[in-house]
Amino acid sequence: MAKGQVYKIHSDFYYVDDGVNSYECKVREVLKKQKQSIITGDFVEFDAGYITGCYPRKNFILRPGVANLDQVIVVSALKEPDLSFKQLNRFIALARFYNLETILCFNKDDLCSDSVLLDRISDIYEPLGFKIVFTSATRHFGLDKFFDILKDKTSVLCGTSGVGKSSLINAIAPDLKLKTKSISEKSGRGTHTTRHCQIIKINDSAKIVDTPGFSNVKFDFLMPKDVGLLFVEIKDLAEGCKYADCLHIYEDGCNVLSNIDKIEKTRYESYLDFVNEAKEFKEKVKNEGLKRETSQKVLHNRNIVKISGKKRQSARNNLKQLVYKEIENDE
Ligand SMILES: Nc1nc2c(ncn2[C@@H]2O[C@H](COP(=O)(O)OP(=O)(O)O)[C@@H](O)[C@H]2O)c(=O)[nH]1
Ligand SMILES: [Mg+2]
Ligand SMILES: [Zn+2]
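Residues numbered from 1 in each chain as written. Chains lettered and ligands numbered in written order. Predicted model: local features only at pLDDT ≥ 70, side-chain atom pairs only at ≥ 80, totals over all residues.

Caption draft 1: Spotlight on the confidence of the model for the protein. When pLDDT is averaged along the protein, the result is 83, and 79% of the positions lie at 70 or above. Here residues 182-194 is a poorly scored stretch, pLDDT under 50, and it has nine contacts once near neighbours within four places are set aside; other chains count. Counting contacts from residues 291-331, a segment whose pLDDT is below 50, to residues more than four positions away or on other chains yields 55 contacts. (pLDDT = per-residue confidence, 0-100. Contact = placed C-beta atoms within 7 Å.)

Here's what the structure looks like:
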């Protein structure tokens, strides 16, 4: 019996790395019957081409499914495309939902001479406790710091398309030769997008998850009152609100509203937007007549919002349901 980590999944084949070699495996029927799903990043036991067991996960994210992560690096471009604070806050909130350490990387520094913008970024995000790195993948600026952040960790890079994620990885590990947008456009062969997520070893100590997903997720999988938990500055102030289900929009006795000058404007605007998205979820839950209630559940020592349902829904292809499914499997 050997132990290794699943670093790639291709249809029925699971690729396991034991630290020295790579093995192509299938999953034993008995595991499938136990509804034990194996995802990228899982540490497994395997024998003669079959995965026979899976070790408990430290954590995992869904869509794409990846387990045992150490941190999320949110990559934004300072220009081309223009920086969107809302998009950035969305990724930050999502990483917080998964309780993962978050680092903010602002790339294409070579295209930005707007010192007001640079100061604003530091003014907003430093007080919230984020580690920030400015980089240029093309001019090789800030890459030492970027590389340092990856050391001894498994990191997932997220960010919208075109911000330079592949370019950053290529810049620090040129041997990998990941395709970047412009190259594949030129070749005319269609973009070589990674459909399956994969763990890439940068060196002996650093691993990066290359994933097409983890983008543009709407917050339509949790209750409006839980959105505040995803904003560190709101969560702290919310403890002083009169009502436990305060949404910090118009309620009386709201401690967030009384301290609104302490919350940066775009952060609060993003919060309101996400609350509206969550309201759609609440409506859906009501309309579907499901008796659902949210509660906090400690999952792998991490708080995640649990929604327990009396009725199973048939559609399987959205994050909300995947969250339930994973939690059910976990019980
Ligand atoms: N000027 C400039 N262009 C960059 C930088 N990083 C990436 N790019 C360009 O931005 C485009 C998208 O990069 P890519 O790595 O494919 O982005 P991804 O979709 O996030 O993986 C490509 O044309 C890159 O050459 C940078 O630091 N500065
Ligand atoms: Mg890419
Ligand atoms: Zn409040």
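Resuming the write-up.
Caption draft 2: Unusual backbone geometry, seen in detail. Across the junction of E80 and P81, the peptide omega takes the value 5 degrees, indicating a cis bond. In this fold, P81 is placed in the loop between β8 (71-77) and α2 (85-97). Overall, E80 belongs to the exposed group, with 11 C-beta atoms counted inside 10 Å. At H248, a position not held by glycine, the phi torsion is positive, near 60 degrees. Among the structural elements, H248 can be located in the loop between α8 (232-238) and α9 (255-258). Residue H248 is classed as buried on the basis of its C-beta count, with 24 C-beta atoms lying within 10 Å. (Helix = DSSP H or I, 4+ residues; strand = E, 2+ residues; numbered from the N terminus. Buried ≥ 20, exposed ≤ 12 C-beta atoms within 10 Å, placed from the backbone.)

Caption draft 3: How the structure looks around helix α10 (residues 265-287). Helix length check: α10 (23 residues) gives 33 Å between terminal C-alpha atoms against 33 Å at 1.5 Å per residue, within 8%. Residues of α10 that are buried: R267, S270, Y271, F274, V275 and A278. Residues of α10 that are buried sit in contact with α2, α3 (115-125), α7 (224-227) and α8. (Expected span 1.5 Å × (residues − 1).)

Caption draft 4: Structural view of the packing of α2 against α10. Packing of α2 against α10 brings their axes to within 9 Å, and their N-to-C directions diverge by 65 degrees. Put simply, α2 runs roughly perpendicular to α10. In the packing of α2 onto α10, the handedness of the crossing is right-handed. Residues F85, K86, N89, R90 and A93 of α2 pack against T266, R267, S270, D273 and F274 of α10. Among the residues making up the contact of α2 with α10, the classes are represented as three nonpolar, three polar and four charged. (Axes fitted to C-alpha atoms, helices over the stretch in contact; angles between N-to-C directions. Parallel < 35°, antiparallel > 145°, perpendicular 65-115°, else oblique. Left-handed = near helix turned anticlockwise from the far one by under 90°. Nonpolar A, V, L, I, M, F, W, Y, C, P; charged D, E, K, R; others polar.)

Caption draft 5: Fine view of the pairing of strand β13 (residues 207-210). Pairing of strand β11 (residues 154-158) with β13, which is carried by three bridges, proceeds in the parallel orientation. Opposite V156, over in β13, you have V209 as the bridge partner. Note that strand β12 (residues 198-201) and β13 share four bridges and pair antiparallel. Note on β13: the bridge partner recorded for K201 is K207. Counting the residues in the hairpin turn of β12 and β13 gives five residues. (Pairing = 2+ DSSP bridges.)

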